[in-house]
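# Understanding the architecture of this molecule
Okay, here's what each chain looks like letter by letter:
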Amino acid sequence: MKTLWFDPATDTDLGGLPDVRPETTPFGTVETYDQVVVGAGITGLTTGLLLARAGRRVAVLEARHIGAAATGHTTGKLSLLQGTRLSSIASRHGKGAVEDYIQANREGQAWLHHYLTHRGLQVDERAALTFAATSSGAKKVEQEYRACRDFGIPVEHVDAPELPFDVRSAIRLDGQAQIDPMVVLRALADDLRAHGGHLYEGVRVQGLRHGTPHTLTTDAGEVQADSVVLATGVPFLDRAAFFARVHPQRSYAAAFTVDEEIPRQMYLGADNPSVSLRTATRPGHDGELLMVGGFGHEVGRTKSERRHALDMIEWTQEHFPTARMVARWSAQDYTTIDELPYVGELLPKMESVQVATGFAKWGLANGVAAALSMTGRILGKEPPWSKSLRPWRSTEVTRPGSLLSAASANAQVAAYMAGGYLSLLKPTESSPPEGEGSVGHSGVAPKGVCTVAGQTRSVAPLCTHLYGVLRWNDAEQSWDCPLHGSRFSHTGEVLEGPATRPLPTDPSPSHDR
(Lines give C-alpha, C1' and ligand atoms only; values in the text may rest on other atoms or scores of the structure.)
Protein backbone atom coordinates (compact mmCIF):
# COMPACT_ATOMS: atom_id res chain seq x y z
CA MET A 1 0.00 0.00 0.00
CA LYS A 2 1.09 3.60 -0.58
CA THR A 3 1.79 6.19 2.06
CA LEU A 4 -1.26 8.13 3.17
CA TRP A 5 0.32 11.33 1.90
CA PHE A 6 0.31 10.02 -1.69
CA ASP A 7 -3.44 9.34 -1.59
CA PRO A 8 -4.81 10.63 -4.94
CA ALA A 9 -8.03 11.58 -3.15
CA THR A 10 -6.15 14.53 -1.67
CA ASP A 11 -5.19 16.04 -5.02
CA THR A 12 -8.17 18.40 -4.95
CA ASP A 13 -7.50 19.60 -1.41
CA LEU A 14 -4.05 21.08 -1.45
CA GLY A 15 -4.77 24.69 -0.69
CA GLY A 16 -4.58 25.83 -4.31
CA LEU A 17 -1.15 24.35 -4.92
CA PRO A 18 -0.42 23.52 -8.56
CA ASP A 19 0.31 19.99 -9.66
CA VAL A 20 4.09 19.52 -9.74
CA ARG A 21 5.17 18.14 -13.11
CA PRO A 22 8.72 17.14 -14.05
CA GLU A 23 10.61 19.47 -16.33
CA THR A 24 12.17 18.14 -19.50
CA THR A 25 15.84 17.54 -18.81
CA PRO A 26 18.09 19.70 -21.04
CA PHE A 27 21.11 17.43 -20.69
CA GLY A 28 21.58 16.82 -24.40
CA THR A 29 24.15 19.57 -23.97
CA VAL A 30 26.03 19.97 -20.70
CA GLU A 31 24.27 22.56 -18.54
CA THR A 32 26.17 24.50 -15.87
CA TYR A 33 24.56 25.78 -12.67
CA ASP A 34 25.80 27.66 -9.66
CA GLN A 35 24.53 24.82 -7.50
CA VAL A 36 23.05 21.39 -8.11
CA VAL A 37 21.08 19.78 -5.29
CA VAL A 38 20.62 16.01 -5.41
CA GLY A 39 17.39 14.81 -3.78
CA ALA A 40 13.89 16.35 -3.66
CA GLY A 41 12.87 15.75 -0.07
CA ILE A 42 12.53 18.40 2.62
CA THR A 43 16.30 19.05 2.77
CA GLY A 44 16.87 19.24 -0.97
CA LEU A 45 13.88 21.38 -1.88
CA THR A 46 14.41 23.80 1.03
CA THR A 47 18.07 24.13 0.01
CA GLY A 48 17.08 24.73 -3.60
CA LEU A 49 14.51 27.36 -2.67
CA LEU A 50 16.89 29.26 -0.37
CA LEU A 51 19.54 29.37 -3.09
CA ALA A 52 17.05 30.41 -5.76
CA ARG A 53 15.79 33.21 -3.50
CA ALA A 54 19.41 34.38 -3.21
CA GLY A 55 19.60 34.69 -6.99
CA ARG A 56 21.61 31.53 -7.63
CA ARG A 57 21.09 29.41 -10.73
CA VAL A 58 20.10 26.13 -9.13
CA ALA A 59 18.78 22.74 -10.22
CA VAL A 60 17.33 20.01 -8.01
CA LEU A 61 17.73 16.48 -9.41
CA GLU A 62 15.51 13.68 -8.09
CA ALA A 63 15.91 10.02 -9.07
CA ARG A 64 12.19 9.23 -8.78
CA HIS A 65 9.70 11.92 -7.73
CA ILE A 66 9.45 14.49 -4.96
CA GLY A 67 8.94 12.86 -1.59
CA ALA A 68 9.80 9.40 -2.90
CA ALA A 69 12.01 8.58 0.07
CA ALA A 70 11.95 9.60 3.75
CA THR A 71 9.96 12.85 3.60
CA GLY A 72 7.03 11.34 1.73
CA HIS A 73 6.88 8.48 4.23
CA THR A 74 7.32 10.40 7.48
CA THR A 75 4.65 10.60 10.17
CA GLY A 76 4.87 14.37 9.79
CA LYS A 77 5.76 15.45 13.34
CA LEU A 78 7.51 18.78 13.91
CA SER A 79 8.76 18.71 17.50
CA LEU A 80 11.63 19.57 19.82
CA LEU A 81 10.65 16.65 22.06
CA GLN A 82 11.84 13.77 19.90
CA GLY A 83 11.21 10.60 21.88
CA THR A 84 14.48 10.01 23.73
CA ARG A 85 16.80 11.65 21.19
CA LEU A 86 18.14 14.43 23.40
CA SER A 87 19.28 12.11 26.20
CA SER A 88 20.91 9.84 23.60
CA ILE A 89 22.84 12.76 22.13
CA ALA A 90 23.76 14.12 25.56
CA SER A 91 25.26 10.72 26.49
CA ARG A 92 27.75 11.07 23.60
CA HIS A 93 28.48 14.80 23.44
CA GLY A 94 29.35 17.81 25.56
CA LYS A 95 27.10 20.70 26.48
CA GLY A 96 28.02 22.86 23.48
CA ALA A 97 27.15 20.22 20.89
CA VAL A 98 23.82 19.43 22.55
CA GLU A 99 22.93 23.13 22.69
CA ASP A 100 23.82 23.46 19.01
CA TYR A 101 21.58 20.51 18.11
CA ILE A 102 18.67 22.07 19.98
CA GLN A 103 19.24 25.47 18.37
CA ALA A 104 19.42 23.88 14.91
CA ASN A 105 16.07 22.21 15.52
CA ARG A 106 14.55 25.40 16.93
CA GLU A 107 15.54 27.33 13.82
CA GLY A 108 14.48 24.54 11.47
CA GLN A 109 11.11 24.25 13.20
CA ALA A 110 10.60 28.02 13.25
CA TRP A 111 11.52 28.43 9.56
CA LEU A 112 9.13 25.68 8.46
CA HIS A 113 6.30 26.92 10.68
CA HIS A 114 6.70 30.47 9.33
CA TYR A 115 6.90 29.23 5.75
CA LEU A 116 3.70 27.20 6.04
CA THR A 117 1.82 29.98 7.83
CA HIS A 118 2.94 32.56 5.27
CA ARG A 119 1.89 30.18 2.48
CA GLY A 120 -1.55 29.70 4.05
CA LEU A 121 -0.96 25.96 4.53
CA GLN A 122 -2.28 23.98 7.44
CA VAL A 123 -0.23 23.50 10.60
CA ASP A 124 -1.96 21.51 13.35
CA GLU A 125 -0.62 22.58 16.72
CA ARG A 126 -0.35 19.68 19.12
CA ALA A 127 1.50 18.72 22.26
CA ALA A 128 4.26 16.14 21.93
CA LEU A 129 4.51 13.39 24.54
CA THR A 130 7.13 10.73 25.21
CA PHE A 131 5.67 7.84 27.22
CA ALA A 132 6.52 4.39 28.53
CA ALA A 133 4.40 1.42 29.53
CA THR A 134 7.31 -0.63 30.91
CA SER A 135 9.77 -0.06 33.72
CA SER A 136 12.76 -0.07 31.34
CA GLY A 137 11.03 2.46 29.10
CA ALA A 138 10.14 4.60 32.12
CA LYS A 139 13.84 4.93 32.97
CA LYS A 140 14.47 6.29 29.47
CA VAL A 141 11.61 8.78 29.85
CA GLU A 142 13.14 10.04 33.09
CA GLN A 143 16.53 10.41 31.40
CA GLU A 144 14.89 12.40 28.62
CA TYR A 145 13.09 14.57 31.16
CA ARG A 146 16.36 15.44 32.89
CA ALA A 147 18.14 16.14 29.59
CA CYS A 148 15.35 18.39 28.36
CA ARG A 149 15.16 20.34 31.59
CA ASP A 150 18.95 20.68 31.76
CA PHE A 151 18.96 22.26 28.29
CA GLY A 152 15.96 24.56 28.68
CA ILE A 153 13.22 22.56 26.98
CA PRO A 154 10.19 23.00 29.29
CA VAL A 155 8.81 19.48 29.41
CA GLU A 156 6.52 18.46 32.26
CA HIS A 157 5.58 15.16 33.86
CA VAL A 158 1.98 14.35 33.01
CA ASP A 159 -0.56 11.56 33.02
CA ALA A 160 -1.70 10.24 29.65
CA PRO A 161 -5.47 9.72 30.01
CA GLU A 162 -5.98 9.69 26.22
CA LEU A 163 -4.11 6.42 25.87
CA PRO A 164 -6.20 3.23 26.22
CA PHE A 165 -3.55 1.41 28.28
CA ASP A 166 -1.59 1.94 31.47
CA VAL A 167 1.40 4.27 31.29
CA ARG A 168 4.21 4.23 33.82
CA SER A 169 5.76 7.57 32.86
CA ALA A 170 5.09 10.39 30.40
CA ILE A 171 6.49 13.85 29.66
CA ARG A 172 4.86 16.56 27.57
CA LEU A 173 5.96 19.58 25.55
CA ASP A 174 3.23 21.95 24.38
CA GLY A 175 3.21 24.05 21.21
CA GLN A 176 4.57 21.49 18.74
CA ALA A 177 2.97 20.60 15.39
CA GLN A 178 1.94 17.94 12.90
CA ILE A 179 1.83 18.56 9.15
CA ASP A 180 1.21 16.93 5.77
CA PRO A 181 4.73 16.55 4.33
CA MET A 182 3.67 16.26 0.68
CA VAL A 183 1.78 19.55 0.80
CA VAL A 184 5.00 21.10 2.10
CA LEU A 185 7.10 19.58 -0.68
CA ARG A 186 4.72 20.67 -3.42
CA ALA A 187 4.75 24.21 -2.06
CA LEU A 188 8.55 24.24 -1.94
CA ALA A 189 8.75 22.92 -5.50
CA ASP A 190 6.32 25.56 -6.72
CA ASP A 191 8.26 28.36 -5.02
CA LEU A 192 11.59 27.00 -6.26
CA ARG A 193 10.40 27.35 -9.84
CA ALA A 194 8.78 30.73 -9.16
CA HIS A 195 12.23 32.00 -8.15
CA GLY A 196 13.87 30.67 -11.31
CA GLY A 197 15.09 27.32 -9.98
CA HIS A 198 14.70 24.01 -11.79
CA LEU A 199 13.39 20.64 -10.60
CA TYR A 200 14.10 17.55 -12.68
CA GLU A 201 12.40 14.33 -11.58
CA GLY A 202 13.33 10.89 -12.89
CA VAL A 203 17.05 11.80 -13.10
CA ARG A 204 19.36 9.58 -11.05
CA VAL A 205 22.81 10.96 -10.28
CA GLN A 206 25.38 8.17 -10.52
CA GLY A 207 28.73 9.85 -9.99
CA LEU A 208 30.68 13.06 -9.47
CA ARG A 209 33.94 14.22 -11.03
CA HIS A 210 35.62 16.96 -9.05
CA GLY A 211 36.77 20.03 -10.90
CA THR A 212 36.01 23.66 -11.58
CA PRO A 213 33.13 23.23 -12.13
CA HIS A 214 32.18 19.77 -10.81
CA THR A 215 30.60 17.34 -13.28
CA LEU A 216 27.74 15.10 -12.21
CA THR A 217 27.01 12.01 -14.28
CA THR A 218 23.36 11.00 -14.45
CA ASP A 219 21.26 8.49 -16.35
CA ALA A 220 20.07 11.44 -18.46
CA GLY A 221 23.50 12.89 -19.28
CA GLU A 222 25.99 15.18 -17.58
CA VAL A 223 25.45 18.43 -15.71
CA GLN A 224 27.96 20.81 -14.15
CA ALA A 225 27.90 22.95 -11.02
CA ASP A 226 30.21 25.19 -9.05
CA SER A 227 29.02 23.46 -5.88
CA VAL A 228 26.92 20.40 -5.10
CA VAL A 229 24.61 19.46 -2.23
CA LEU A 230 23.87 15.76 -1.65
CA ALA A 231 20.49 15.72 0.10
CA THR A 232 19.78 12.02 -0.35
CA GLY A 233 18.99 9.60 2.49
CA VAL A 234 22.62 8.54 2.63
CA PRO A 235 25.35 10.05 0.41
CA PHE A 236 25.93 7.80 -2.59
CA LEU A 237 29.60 8.76 -3.05
CA ASP A 238 31.80 6.12 -1.40
CA ARG A 239 34.92 8.27 -1.03
CA ALA A 240 33.82 9.57 2.39
CA ALA A 241 32.49 6.17 3.60
CA PHE A 242 29.28 7.61 5.03
CA PHE A 243 27.65 4.24 4.35
CA ALA A 244 29.88 2.81 7.12
CA ARG A 245 29.09 5.63 9.56
CA VAL A 246 25.30 5.39 9.68
CA HIS A 247 22.78 2.75 10.75
CA PRO A 248 19.96 2.33 8.17
CA GLN A 249 16.59 1.44 9.68
CA ARG A 250 13.12 0.76 8.38
CA SER A 251 9.98 1.49 10.35
CA TYR A 252 6.31 1.03 9.60
CA ALA A 253 3.21 3.20 9.67
CA ALA A 254 -0.49 2.80 9.00
CA ALA A 255 -3.64 4.91 9.12
CA PHE A 256 -6.92 3.66 10.57
CA THR A 257 -10.51 4.74 10.88
CA VAL A 258 -11.60 4.24 14.49
CA ASP A 259 -15.10 4.48 15.94
CA GLU A 260 -14.05 5.19 19.52
CA GLU A 261 -12.19 8.25 20.80
CA ILE A 262 -8.58 8.48 19.63
CA PRO A 263 -5.63 10.34 21.18
CA ARG A 264 -5.51 13.95 19.99
CA GLN A 265 -1.88 14.74 20.82
CA MET A 266 1.35 13.34 19.34
CA TYR A 267 2.82 10.38 21.21
CA LEU A 268 6.07 8.42 20.92
CA GLY A 269 6.89 5.45 23.10
CA ALA A 270 10.23 4.84 24.78
CA ASP A 271 9.60 1.09 24.97
CA ASN A 272 10.81 -1.56 22.57
CA PRO A 273 9.22 -1.75 20.07
CA SER A 274 8.57 1.96 19.92
CA VAL A 275 5.07 3.14 19.00
CA SER A 276 4.17 6.49 17.43
CA LEU A 277 0.65 8.00 17.43
CA ARG A 278 -0.90 11.07 15.82
CA THR A 279 -4.08 12.07 14.02
CA ALA A 280 -4.57 12.92 10.34
CA THR A 281 -7.48 14.34 8.36
CA ARG A 282 -8.00 13.17 4.78
CA PRO A 283 -10.74 13.76 2.19
CA GLY A 284 -13.05 10.81 1.86
CA HIS A 285 -12.88 9.96 5.55
CA ASP A 286 -15.24 11.37 8.16
CA GLY A 287 -13.46 12.75 11.19
CA GLU A 288 -9.83 12.12 11.98
CA LEU A 289 -7.76 9.06 11.20
CA LEU A 290 -5.45 7.46 13.73
CA MET A 291 -1.88 7.15 12.45
CA VAL A 292 0.27 4.48 14.13
CA GLY A 293 3.98 3.97 13.47
CA GLY A 294 7.09 2.26 14.74
CA PHE A 295 8.04 -1.44 15.06
CA GLY A 296 11.30 -0.82 13.21
CA HIS A 297 14.42 -2.87 12.48
CA GLU A 298 17.72 -2.54 10.66
CA VAL A 299 17.42 -2.87 6.90
CA GLY A 300 17.67 -6.45 5.66
CA ARG A 301 18.39 -7.81 9.14
CA THR A 302 15.13 -9.38 10.23
CA LYS A 303 13.60 -12.74 9.49
CA SER A 304 10.32 -11.24 8.26
CA GLU A 305 9.50 -7.60 7.59
CA ARG A 306 5.87 -8.61 7.19
CA ARG A 307 5.88 -9.77 10.80
CA HIS A 308 6.89 -6.28 11.97
CA ALA A 309 4.04 -4.70 9.99
CA LEU A 310 1.56 -7.27 11.32
CA ASP A 311 2.75 -6.66 14.88
CA MET A 312 1.94 -2.97 14.41
CA ILE A 313 -1.53 -3.74 13.05
CA GLU A 314 -2.25 -6.26 15.81
CA TRP A 315 -1.09 -3.80 18.48
CA THR A 316 -3.47 -1.19 17.07
CA GLN A 317 -6.43 -3.55 16.93
CA GLU A 318 -5.76 -4.71 20.48
CA HIS A 319 -5.88 -1.18 21.88
CA PHE A 320 -8.40 0.27 19.42
CA PRO A 321 -10.80 -2.63 18.70
CA THR A 322 -12.78 -0.85 15.97
CA ALA A 323 -9.65 0.16 13.99
CA ARG A 324 -9.90 -0.48 10.24
CA MET A 325 -6.74 0.08 8.19
CA VAL A 326 -6.96 2.43 5.19
CA ALA A 327 -3.25 2.81 4.34
CA ARG A 328 0.04 1.18 5.26
CA TRP A 329 3.62 2.12 4.36
CA SER A 330 7.19 2.15 5.61
CA ALA A 331 10.13 4.52 5.73
CA GLN A 332 13.91 4.37 5.79
CA ASP A 333 15.98 6.55 8.10
CA TYR A 334 19.61 6.79 9.15
CA THR A 335 21.26 7.33 12.53
CA THR A 336 24.94 8.27 12.78
CA ILE A 337 27.42 6.38 14.93
CA ASP A 338 27.64 9.30 17.38
CA GLU A 339 23.92 10.29 17.21
CA LEU A 340 24.37 13.82 15.79
CA PRO A 341 23.44 14.42 12.12
CA TYR A 342 26.16 14.92 9.53
CA VAL A 343 25.76 18.29 7.79
CA GLY A 344 28.61 19.85 5.86
CA GLU A 345 31.56 19.11 3.61
CA LEU A 346 31.85 15.70 1.94
CA LEU A 347 35.54 15.58 2.83
CA PRO A 348 37.68 17.90 4.95
CA LYS A 349 38.42 21.15 3.12
CA MET A 350 35.97 20.23 0.31
CA GLU A 351 33.44 22.98 0.97
CA SER A 352 32.05 22.87 -2.57
CA VAL A 353 30.45 19.45 -2.04
CA GLN A 354 28.18 19.15 0.99
CA VAL A 355 26.09 16.33 2.46
CA ALA A 356 23.24 16.00 4.95
CA THR A 357 22.24 12.71 6.56
CA GLY A 358 21.61 10.98 9.88
CA PHE A 359 18.41 12.70 11.05
CA ALA A 360 17.30 9.60 13.00
CA LYS A 361 13.62 9.81 11.98
CA TRP A 362 13.38 13.53 12.81
CA GLY A 363 13.98 14.94 9.35
CA LEU A 364 11.44 17.77 9.21
CA ALA A 365 13.14 20.17 11.64
CA ASN A 366 16.60 18.64 11.09
CA GLY A 367 16.24 18.67 7.32
CA VAL A 368 15.33 22.36 7.23
CA ALA A 369 18.14 23.11 9.69
CA ALA A 370 20.54 21.29 7.37
CA ALA A 371 19.33 23.41 4.45
CA LEU A 372 19.86 26.59 6.50
CA SER A 373 23.36 25.43 7.41
CA MET A 374 24.48 24.40 3.92
CA THR A 375 23.05 27.42 2.13
CA GLY A 376 24.51 29.65 4.84
CA ARG A 377 27.93 28.17 4.14
CA ILE A 378 27.51 28.73 0.38
CA LEU A 379 26.28 32.31 0.82
CA GLY A 380 28.80 33.25 3.49
CA LYS A 381 26.32 33.31 6.41
CA GLU A 382 26.90 30.00 8.18
CA PRO A 383 24.83 29.66 11.40
CA PRO A 384 27.06 29.42 14.49
CA TRP A 385 25.36 26.19 15.64
CA SER A 386 26.23 24.34 12.43
CA LYS A 387 29.87 23.68 13.35
CA SER A 388 28.86 20.93 15.81
CA LEU A 389 27.06 19.09 12.97
CA ARG A 390 29.98 19.02 10.55
CA PRO A 391 30.67 15.45 9.39
CA TRP A 392 34.37 15.38 10.28
CA ARG A 393 34.32 15.83 14.05
CA SER A 394 36.68 14.47 16.65
CA THR A 395 33.95 12.89 18.79
CA GLU A 396 33.77 9.96 16.39
CA VAL A 397 37.22 8.83 17.48
CA THR A 398 37.49 10.30 20.97
CA ARG A 399 34.19 9.15 22.47
CA PRO A 400 34.18 5.45 23.49
CA GLY A 401 30.47 5.07 22.67
CA SER A 402 31.00 6.24 19.10
CA LEU A 403 33.99 3.96 18.58
CA LEU A 404 32.04 0.99 19.96
CA SER A 405 29.07 1.80 17.73
CA ALA A 406 31.28 1.97 14.64
CA ALA A 407 33.13 -1.23 15.50
CA SER A 408 29.90 -3.10 16.19
CA ALA A 409 28.26 -1.87 12.98
CA ASN A 410 31.15 -2.88 10.78
CA ALA A 411 31.55 -6.26 12.51
CA GLN A 412 27.90 -6.92 11.72
CA VAL A 413 28.50 -5.95 8.10
CA ALA A 414 31.28 -8.55 7.88
CA ALA A 415 29.03 -11.19 9.42
CA TYR A 416 26.17 -10.47 7.02
CA MET A 417 28.56 -10.46 4.08
CA ALA A 418 29.81 -13.93 5.00
CA GLY A 419 26.36 -15.26 5.83
CA GLY A 420 24.97 -13.94 2.57
CA TYR A 421 27.48 -15.79 0.46
CA LEU A 422 26.80 -18.98 2.40
CA SER A 423 23.13 -18.61 1.46
CA LEU A 424 24.12 -18.84 -2.21
CA LEU A 425 25.32 -22.42 -1.75
CA LYS A 426 21.81 -23.82 -2.05
CA PRO A 427 19.94 -24.08 -5.37
CA THR A 428 17.44 -21.30 -5.90
CA GLU A 429 13.69 -21.93 -5.96
CA SER A 430 12.30 -21.99 -9.45
CA SER A 431 8.89 -20.60 -8.55
CA PRO A 432 8.37 -19.12 -5.05
CA PRO A 433 4.82 -18.62 -3.72
CA GLU A 434 3.08 -15.28 -4.38
CA GLY A 435 4.79 -12.43 -2.52
CA GLU A 436 7.86 -14.48 -1.64
CA GLY A 437 11.45 -14.50 -2.85
CA SER A 438 14.69 -16.34 -2.18
CA VAL A 439 18.34 -16.41 -3.19
CA GLY A 440 20.58 -19.29 -4.15
CA HIS A 441 22.50 -20.39 -7.20
CA SER A 442 21.59 -21.49 -10.68
CA GLY A 443 24.56 -23.35 -12.09
CA VAL A 444 27.52 -21.25 -10.99
CA ALA A 445 25.67 -17.94 -10.98
CA PRO A 446 23.92 -16.38 -7.96
CA LYS A 447 20.23 -15.93 -8.56
CA GLY A 448 17.35 -14.26 -6.74
CA VAL A 449 13.84 -15.34 -7.67
CA CYS A 450 10.55 -13.79 -6.57
CA THR A 451 6.88 -13.97 -7.48
CA VAL A 452 4.89 -10.72 -7.48
CA ALA A 453 1.42 -10.15 -8.97
CA GLY A 454 1.46 -13.63 -10.46
CA GLN A 455 4.76 -13.19 -12.32
CA THR A 456 7.99 -14.91 -11.39
CA ARG A 457 11.14 -12.89 -12.08
CA SER A 458 14.82 -13.30 -11.36
CA VAL A 459 17.69 -10.92 -10.66
CA ALA A 460 21.37 -11.17 -9.82
CA PRO A 461 20.97 -10.79 -6.01
CA LEU A 462 24.24 -8.93 -5.38
CA CYS A 463 23.99 -5.31 -4.29
CA THR A 464 25.48 -3.03 -6.93
CA HIS A 465 27.11 -0.97 -4.17
CA LEU A 466 29.58 -3.39 -2.52
CA TYR A 467 28.20 -6.76 -3.65
CA GLY A 468 26.47 -7.87 -0.47
CA VAL A 469 23.98 -10.68 -0.97
CA LEU A 470 20.45 -9.29 -0.95
CA ARG A 471 17.55 -10.52 1.13
CA TRP A 472 13.89 -10.65 0.18
CA ASN A 473 11.65 -8.14 1.98
CA ASP A 474 8.29 -9.89 2.34
CA ALA A 475 6.44 -6.76 3.48
CA GLU A 476 7.38 -4.53 0.55
CA GLN A 477 8.34 -7.14 -2.03
CA SER A 478 11.79 -5.71 -2.55
CA TRP A 479 15.42 -6.87 -2.46
CA ASP A 480 17.20 -5.33 0.56
CA CYS A 481 20.91 -5.22 1.36
CA PRO A 482 21.81 -6.02 4.99
CA LEU A 483 25.24 -4.39 4.64
CA HIS A 484 24.48 -0.70 4.14
CA GLY A 485 20.76 -0.47 3.45
CA SER A 486 20.46 -0.26 -0.34
CA ARG A 487 17.10 -1.47 -1.63
CA PHE A 488 15.82 -2.55 -5.03
CA SER A 489 12.36 -3.21 -6.42
CA HIS A 490 11.38 -6.76 -7.30
CA THR A 491 12.30 -5.91 -10.89
CA GLY A 492 15.74 -4.56 -9.90
CA GLU A 493 15.32 -0.76 -9.92
CA VAL A 494 17.10 1.20 -7.16
CA LEU A 495 14.79 2.31 -4.34
CA GLU A 496 17.33 3.39 -1.69
CA GLY A 497 21.06 4.12 -1.83
CA PRO A 498 23.97 4.11 -1.47
CA ALA A 499 23.61 1.94 -4.61
CA THR A 500 23.06 3.92 -7.82
CA ARG A 501 22.85 1.14 -10.41
CA PRO A 502 19.98 -1.33 -10.90
CA LEU A 503 20.33 -5.07 -10.51
CA PRO A 504 21.09 -7.18 -13.58
CA THR A 505 17.97 -9.15 -14.47
CA ASP A 506 17.49 -12.53 -16.09
CA PRO A 507 17.27 -11.98 -19.85
CA SER A 508 14.79 -14.84 -20.13
CA PRO A 509 11.15 -13.74 -19.96
CA SER A 510 9.28 -13.94 -16.68
CA HIS A 511 6.48 -16.44 -16.48
CA ASP A 512 3.01 -16.37 -15.00
CA ARG A 513 2.09 -18.67 -12.19
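Residues numbered from 1 in each chain as written. Predicted model: local features only at pLDDT ≥ 70, side-chain atom pairs only at ≥ 80, totals over all residues. Heavy atoms only, no water.

### Quick word on the overall build of the chain
Counting secondary structure elements, the chain contains nine helices and 25 strands. Relative to the globule expectation of 24 Å for 513 residues, the C-alpha radius of gyration of the chain, 22 Å, shows essentially globular dimensions. Each of the 513 residues in the chain was classed as buried or not, and the buried ones make up 58%. Relative to all contacts within the chain whose residues are 6 or more apart in sequence, the contacts with residues 24 or more apart total 69%. Just so you have it, the chain exposes about 20,300 Å², and 51% of that area is on carbon and sulfur atoms. Put simply, the chain has 50 plus and 57 minus side-chain charges, and the middle of one group is 5 Å from the middle of the other. (Helix = DSSP H or I, 4+ residues; strand = E, 2+ residues; numbered from the N terminus. Rg over C-alpha atoms; globule rule 2.2 N^0.38 Å. Buried < 20%, exposed > 50% of the residue type's maximum accessible area, 1.4 Å probe, protein only. Contact = heavy atoms within 4.5 Å. Areas by Shrake-Rupley, 256 points an atom, 1.4 Å probe, with all protein chains shown as cover. Lys, Arg positive; Asp, Glu negative; His and termini not counted. Charge placed at Lys NZ, Arg CZ, Asp CG, Glu CD.)

### Some details on the environment of L495
Mapped onto the elements of the fold, L495 is located in strand 24 (residues 494–496). The class for L495 is partly exposed, based on a relative accessible area of 23%. Along the sequence, L495 and G41 sit 454 residues apart, while their C-alpha atoms lie 14 Å from each other. The contacts of L495, once residues within four sequence positions are left out, are R64, S478, R487, F488 and S489.

### Let's talk about the nonpolar core
Ranked by size, the top nonpolar core spans 76 residues in total, and within it L4, L45, W111, L112 and L188 carry the most contacts. Sequence-distant contacts of L45, defined by excluding residues within four places in its chain, comprise G39, A40, V60, I66, L185, L188, A189, L192 and L199. Within the second largest apolar cluster, 28 residues are counted, among which are V38, Y200, Y334 and Y342. (Core = buried A, V, L, I, M, F, W, Y, C linked by side-chain atoms within 4.5 Å.)

### Some details on the packing of aromatic side chains
This structure, assessed with the given rule, holds seven aromatic pairs. A ring pair is formed by W111 and Y115, whose centres lie 5.2 Å apart and whose planes are at 5 degrees; its orientation type is stacked. You can see W111 and its partner Y115 sitting in helix 3 (residues 95–119), four residues apart, about one turn around the helix. Of the residues examined, Y115 reaches a relative accessible area of 4% and is grouped as buried. Plain terms: the ring middles of F131 and Y267 are 6.2 Å apart, the flat faces sit at 70 degrees to each other, and that makes the pair edge-to-face. Of this pair, F131 sits in strand 4 (residues 124–132) while Y267 sits in strand 12 (residues 266–269), placing them 136 residues apart in sequence. Through a chain of ring-to-ring contacts, the aromatic side chains of F131, F165, Y267 and W315 assemble into a single cluster. (Phe/Tyr/Trp six-rings, centres within 6.5 Å; stacked < 30°, edge-to-face > 60°.)

### Quick word on unusual backbone geometry
Leaving glycine out, the prevailing phi sign among residues is negative, and the prevailing peptide bond configuration is trans. With an omega dihedral of 5 degrees, the bond running from T212 to P213 counts as a cis peptide bond. The topology assignment puts P213 in the loop between strand 8 (205–209) and strand 9 (214–218). Here G497 and P498 are connected by a cis peptide whose omega angle stands at 20 degrees. The residue P498 is located in the loop between strand 24 and strand 25 (511–512) in this model.

### Things to note about the packing of helix 3 against helix 7 (residues 363–379)
Contact geometry for helix 3 and helix 7: axes closest at 7 Å, N-to-C directions at 95 degrees. When the interaxial angle is binned, helix 3 and helix 7 end up roughly perpendicular. Counting all contacts with helix 3, which are made through Y101, A104, N105, E107, G108, Q109, W111 and L112, the residues of helix 7 involved are L364, A365, N366, V368, A369 and L372. Split by residue class, the contact of helix 3 with helix 7 holds nine nonpolar, four polar and one charged. (Axes fitted to C-alpha atoms, helices over the stretch in contact; angles between N-to-C directions. Parallel < 35°, antiparallel > 145°, perpendicular 65-115°, else oblique. Nonpolar A, V, L, I, M, F, W, Y, C, P; charged D, E, K, R; others polar.)

### Considerations on the side chain of T215
By the secondary structure assignment, T215 is in strand 9. Among the polar contacts made by the side chain of T215, one reaches the side chain of Q224 at a distance of 3.3 Å. Apart from residues no more than four positions distant in its own chain, T215 is found in contact with G207, L208, R209, E222, V223 and Q224. (Polar contact = N/O pair within 3.5 Å; in protein donor to acceptor, adjacent residues only side chain to side chain.)

### Here's the deal with the pairing of strand 9
Within a regular beta strand, the side chains point alternately toward one face of the sheet and then the other, so they alternate between its two faces. Counting buried positions along strand 9 gives four out of five residues, so the element sits mostly inside the fold. In the sheet, strand 8 pairs with strand 9 via four bridges, with the strands oriented antiparallel. Its bridge partner being in strand 9, V205 is matched across the sheet by T218. Where strand 8 folds back on strand 9, the antiparallel hairpin that results is connected by four residues. As defined by bridge partners, strand 9 adjoins strand 10 (residues 221–230) across five bridges and the pair is classed as antiparallel. Bridged to T218 within strand 10 is G221. (Pairing = 2+ DSSP bridges.)

### Examining the pairing of strand 10
Of the pairings in the sheet, the one linking strand 1 (residues 31–38) to strand 10 comprises seven bridges and is parallel in character. By the bridge assignment for strand 10, V38 is matched with L230. What sits between the antiparallel neighbours strand 9 and strand 10 is a turn of two residues. In terms of strand pairing, strand 10 meets strand 17 (residues 353–357) through three bridges, oriented parallel. Considered in strand 17, the bridge of V228 is made with V353.

### Considering helix 7
The terminal C-alpha atoms of helix 7, which comprises 17 residues, lie 23 Å apart, in line with the 24 Å expected from a rise of 1.5 Å per residue. For helix 7, the tally of buried residues reaches 15 of 17 residues, placing the bulk of the element in the interior. Positive phi appears at G380, one or two residues downstream of helix 7, with a value of about 80 degrees. (Expected span 1.5 Å × (residues − 1).)

### Focus: the packing of helix 1 (residues 42–53) against helix 3
Interaxial distance between helix 1 and helix 3 falls to 13 Å at its minimum, and their mutual angle equals 70 degrees. Accordingly, the angle class assigned to the pair helix 1 and helix 3 is roughly perpendicular. Counted together, I42, T46, L49, L50 and R53 of helix 1 and W111, L112 and Y115 of helix 3 form the full contact between these two elements. Looking at the contact of helix 1 with helix 3, its residues break down into six nonpolar, one polar and one charged.

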